[in-house]
Amino acid sequence: MNNINQTIVAPTTNISTQAISLIRISGDDSFNIINKLLNLKITETKNVWVRKLFDKNELVDEVVLTSFVAPASFTGENVVEIACHGGILNTQRIINLIIKNGARMANKGEFSQRAFLNNKIDLIQAEGINDLIFAKNELALKIGVNNMSGTHNQSIINLKANLLDIISRIQVSIDYPDYEDVEGNSIPELTSALSDINVEVNKLLKRSKMAIKNTNGIKTAIVGKTNVGKSSLLNALLNEDKAIVTDIHGTTRDIVTGEINLEHISLNLIDTAGIRNTSDVVESLGIEKSFKMIEEAELVLFVVNNESIEDNENKNIFNKLTDKKFILVVNKSELLSDDEKQQLLNQFNNVVFTSAINQDINALINKIEKIHISEELTKNDSLILINIEQISFVEQVKERLERSLNAIIAGMPIDIVNVDLHEAWNYLNELIGEQYDEEIIDNIFKKYCLGK
Ligand SMILES: Nc1nc2c(c(=O)[nH]1)N(C=O)[C@@H](CNc1ccc(C(=O)N[C@@H](CCC(=O)O)C(=O)O)cc1)CN2
Ligand SMILES: Nc1nc2c(ncn2[C@@H]2O[C@H](COP(=O)(O)OP(=O)(O)OP(=O)(O)O)[C@@H](O)[C@H]2O)c(=O)[nH]1
Ligand SMILES: [K+]
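Procedures and definitions
- Residues numbered from 1 in each chain as written.
- Chains lettered and ligands numbered in written order.
- Predicted model: local features only at pLDDT ≥ 70, side-chain atom pairs only at ≥ 80, totals over all residues.
- Heavy atoms only, no water.
- Helix = DSSP H or I, 4+ residues; strand = E, 2+ residues; numbered from the N terminus.
- 1 Å grid on protein atoms, 1.4 Å probe; cavity = no way out; pocket = protein on both sides within 12 Å on 5 of 7 lines; lining within 4 Å.
- Points joined across faces, edges and corners; volume = space filled by probe spheres on them.
- Nonpolar A, V, L, I, M, F, W, Y, C, P; charged D, E, K, R; others polar.
- Donors = N, O, S within 2.8 Å, 3.2 Å for Na, K, Ca; no water.
- Buried < 20%, exposed > 50% of the residue type's maximum accessible area, 1.4 Å probe, protein only.
- Near = heavy atom within 4 Å.
- Polar contact = N/O pair within 3.5 Å; in protein donor to acceptor, adjacent residues only side chain to side chain.
- Areas by Shrake-Rupley, 256 points an atom, 1.4 Å probe, with all protein chains shown as cover.
- Salt bridge = Lys/Arg side-chain N within 4 Å of Asp/Glu carboxyl O.
- Lys, Arg positive; Asp, Glu negative; His and termini not counted.
- Contact = heavy atoms within 4.5 Å.
- Pairing = 2+ DSSP bridges.
- Axes fitted to C-alpha atoms, helices over the stretch in contact; angles between N-to-C directions.
- Core = buried A, V, L, I, M, F, W, Y, C linked by side-chain atoms within 4.5 Å.
- Parallel < 35°, antiparallel > 145°, perpendicular 65-115°, else oblique.
- Left-handed = near helix turned anticlockwise from the far one by under 90°.
- Domains from an automatic or database assignment.

### A closer look at unusual backbone geometry
And step 1. In this structure, the amide linkage connecting A70 to the following residue, P71, adopts the cis form with an omega of 0°.
And step 2. Summarising the element assignment, P71 is placed in the loop between β4 (58–68) and β5 (79–85).
And step 3. Positive phi, normally seen in glycine, also occurs at N227, with a value near 70°.
And step 4. Relative to the helices and strands, N227 is located in the loop between β7 (218–224) and α8 (230–238).
And step 5. A positive phi angle is found at Q359, which is not glycine, with a value near 60°.
And step 6. Counting through the fold element by element, Q359 comes out in the loop between β12 (351–353) and α12 (362–372).

Given below as structure tokens:
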């Protein structure tokens, strides 16, 4: 456990050549420490101050200080922020001075951890801040902002209230077995109330699992015969000349990867070797990998050209896609007539037309978003979690709820049911941080930025 009595300091901006750096100090001694560096002292009030910073009598920098007095600060402690001139040496020197005068270097995420421990924010809000900072696409950003502000935390509070209500009803029937008919205490009533909670928890879990996939990146394999334009498509999607493109069949022999962030979804793209019959050993190994990538992918972009859709090699690929999410990408579509396009549209679901050579890939991008994005995710009107720790707490809640529902239905003794419900309750508390394990909390905040 980090010592929470010490005053901590850290840069909140990158230490680099930049206009201004922001350094934060938080803890009881924040004002004392900063005042050791000032000839014109600041008072323990919420204020903004322009001051000169000195090391003994030597001028160090001209800075802007912002001060907050406990508990009215981000961390809930006394906070002094120093907006100093940027630059590696200058920022480092000022941090060292603060440390020399009594602060210690903060750990990653320690400011947020203190905000959490001082009840300024709950765990969903704390995680929201981190999700916001690390957001790779708009979806993650919106979820991060919502969670940071606690917009949807009421839903967890409601779940908890409903669960507690059931737990106490059951407790009554355990304590007073004769009062079976106490209002709301019959098995059907308990089952129905529990099912309602379970439905909510399942929805939360489903939304969150979808969202975390979209924000972490969907494993997307680009497959097809040789020379259909797979590498060109990868390059067009990445907007970068990453994979080698030539008109020679079998150019790509190993996988090439890249990441793109669309509005609501990130993709981990994998360009694969074109599939054909070949006696070339290296190429064959590449093709084996292509088939393996189809198996591993969560989404397959199956690239074809007009003339080749029905031949044996394509049929072979089609067969591997029976249980897969895939999009049939007809590339080189600028060479197709409208009639030819219409025919393909009639023949296949999930067809899009691209012309990688002309950077014409919008239809594909729209299709990808459409396949993976449901309104639940974009509407922003309910809580969504996008980190595994929190999602696993919800999984635990779900498991306990389902176990207790099954137990009730199977006519198990009601006190056994209550054990699971108590555990579900505990996990909901851990989710928002009302109850926590110090080690878990330390671990959660370790993934945050320094100074955050
Ligand atoms: N300079 C600066 N910018 C920042 C932060 C910061 O700490 N410092 N933030 C940090 O992450 C974010 C803003 N979040 C903040 C949240 C609460 C308080 C705060 O002082 N709250 C007090 C007092 C509110 C008031 O005086 O109106 C409180 O809640 O009691 C400050 C910043 C982003 N920008
Ligand atoms: N006309 C046209 N040509 C394209 C288009 N996209 C790619 N090409 C050309 O098609 C040829 C093959 O492109 P690649 O991207 O190397 O194809 P690939 O599918 O990765 O090929 P392999 O590595 O052999 O599997 C190159 O000459 C590209 O310039 C397109 O949209 N229209
Ligand atoms: K090629």
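### What to know about empty space enclosed by the protein
And step 1. Applying the stated criterion across every chain, the model contains 1 cavity of 30 Å³ or more.
And step 2. Reported here for the largest cavity is a volume of approximately 30 Å³.
And step 3. Contributing to the lining of the largest cavity are I143, N146, N147, H152, N380, S382 and I384.
And step 4. A breakdown of the residues in the lining of the largest cavity according to their chemical character gives 2 nonpolar, 5 polar and no charged.

### Re the coordination of the potassium ion (ligand 3)
And step 1. Ligation of the potassium ion (ligand 3) by protein atoms is provided by N227 (OD1), T246 (O), I248 (O) and T251 (OG1), these donors lying 2.7 to 2.8 Å from the ion.
And step 2. Between consecutive donors of the potassium ion (ligand 3), the numbers of intervening residues give the motif N-x18-T-x1-I-x2-T. Remark: T246 occurs in the loop between α8 and β8 (256–261) and N227 occurs in the loop between β7 and α8; sequence separation between them is 19 residues.
And step 3. Exposure remark for N227: the relative accessible area of 23% places this residue in the partly exposed category.

### Brief notes about the site of ligand 1
And step 1. Residues in close proximity to ligand 1 include L22, R24, K46, F68, P71, A72, S73, F74, E81, K120 and K452, which together make up its full environment.
And step 2. Taking R24, its side chain carries an N or O atom lying 2.5 Å from an oxygen atom of ligand 1.
And step 3. Here ligand 1 loses 48% of its free accessible area of 670 Å² to cover by the protein chains.
And step 4. When the residues that make up the shell around ligand 1 are grouped by side-chain class, the tally is 5 nonpolar, 1 polar and 5 charged.

### Observations concerning the site of ligand 2
And step 1. Near ligand 2 you find 24 residues, and of these K230, S232, G250, T252 and E334 are the closest.
And step 2. Within the backbone of S231, a nitrogen or oxygen atom sits 2.8 Å from an oxygen atom of ligand 2.
And step 3. At 2.9 Å from an oxygen atom of ligand 2 is found a main-chain nitrogen or oxygen belonging to A356.
And step 4. Contact with the protein chains removes 89% of the 650 Å² of surface that ligand 2 exposes when unbound.
And step 5. Looking at the shell around ligand 2 residue by residue, the class counts come to 6 nonpolar, 13 polar and 5 charged.

### Notes on the pattern of salt bridges
Should their charged atoms come close, side chains of opposite charge can pair.
And step 1. With the rule as written, the count across this model stands at 27 salt bridges.
And step 2. In this structure, a network of salt bridges that share partners links the residues E399, R400, R403, D420 and E423.

### Some words on the side chain of D55
And step 1. For D55, the location among the structural elements is in strand β3 (residues 47–55).
And step 2. At 4.2 Å, K56 is the nearest oppositely charged side chain to D55, a buried residue that forms no salt bridge.
And step 3. Those residues in contact with D55, other than ones at most four positions away along the chain, are V60, L97 and K100.

### Observations concerning the side chain of Q390
And step 1. With respect to the helices, strands and loops of the structure, Q390 is situated in helix α14 (residues 388–409).
And step 2. Setting aside residues up to four positions removed in sequence, Q390 forms contacts with L123, I124, E127, L385 and L431.

### Focus on the sheet that holds strand β2 (residues 20–26)
And step 1. Judged by pairing direction, the sheet is mixed, and its 6 strands sit side by side in the order β3-β4-β5-β2-β1-β6 without closing on themselves. Each edge of the open sheet is held by one strand with a lone partner, namely β3 and β6 (104–105).
And step 2. Of the pairings in the sheet, the one linking β4 to β5 comprises 5 bridges and is antiparallel in character. Residue pairing for β5: T66 is matched across the bridge by E81.
And step 3. Strands β1 (8–11), β2, β3, β4, β5 and β6 of the sheet are contacted by helix α2 (residues 88–100), whose axis makes an angle of about 70° with β4.

### Points about the nonpolar core
And step 1. In this structure, I156, L163, I166, L194, L401, L421 and L431 are the most contacted members of the largest nonpolar core, which totals 33 residues.
And step 2. Contributions of two or more residues to this core are made by α6 (153–175), α7 (187–216), α14 and α15 (414–432).
And step 3. Dropping the residues within four chain positions of it, L401 is found in contact with L163, L194, I197, N198, V201, L421 and A424.
And step 4. The next biggest cluster of nonpolar side chains, apart from the first, holds 26 residues, and it includes I222, V228, L301 and I327.

### Some points on the packing of helix α3 (residues 110–117) against helix α16 (residues 438–446)
And step 1. The interhelical angle for the contact between α3 and α16, taken along N-to-C directions, is 140°, at an axis separation of 9 Å. The angle between the axes of α3 and α16 places the two elements in the oblique class. You can see that α3 and α16 cross each other, and the crossing is right-handed. Only I441, D442 and F445 of α16 make contact with α3, whose side of the interface consists of S112, Q113 and F116.

### Side note on the domain arrangement of the protein chain
And step 1. Along its sequence, the protein chain is organised into domain 1 (8–117), domain 2 (154–213 + 387–433) and domain 3 (221–375).
And step 2. In this structure, domain 1 and domain 3 have C-alpha centres spaced 53 Å apart.

### Examining the environment of K219
And step 1. In this fold, K219 is placed in strand β7.
And step 2. The partly exposed category is assigned to K219, whose relative accessible area is 28%.
And step 3. Residues K219 and N146 lie 73 residues apart in sequence; the distance between their C-alpha atoms is 27 Å.
And step 4. For K219, the contacting residues outside a window of four places in its chain are N268, I270, E296, A297, E298 and L299.
And step 5. Within the local environment of K219, its side chain forms a polar contact with the side chain of E296, the two groups lying 2.9 Å apart.

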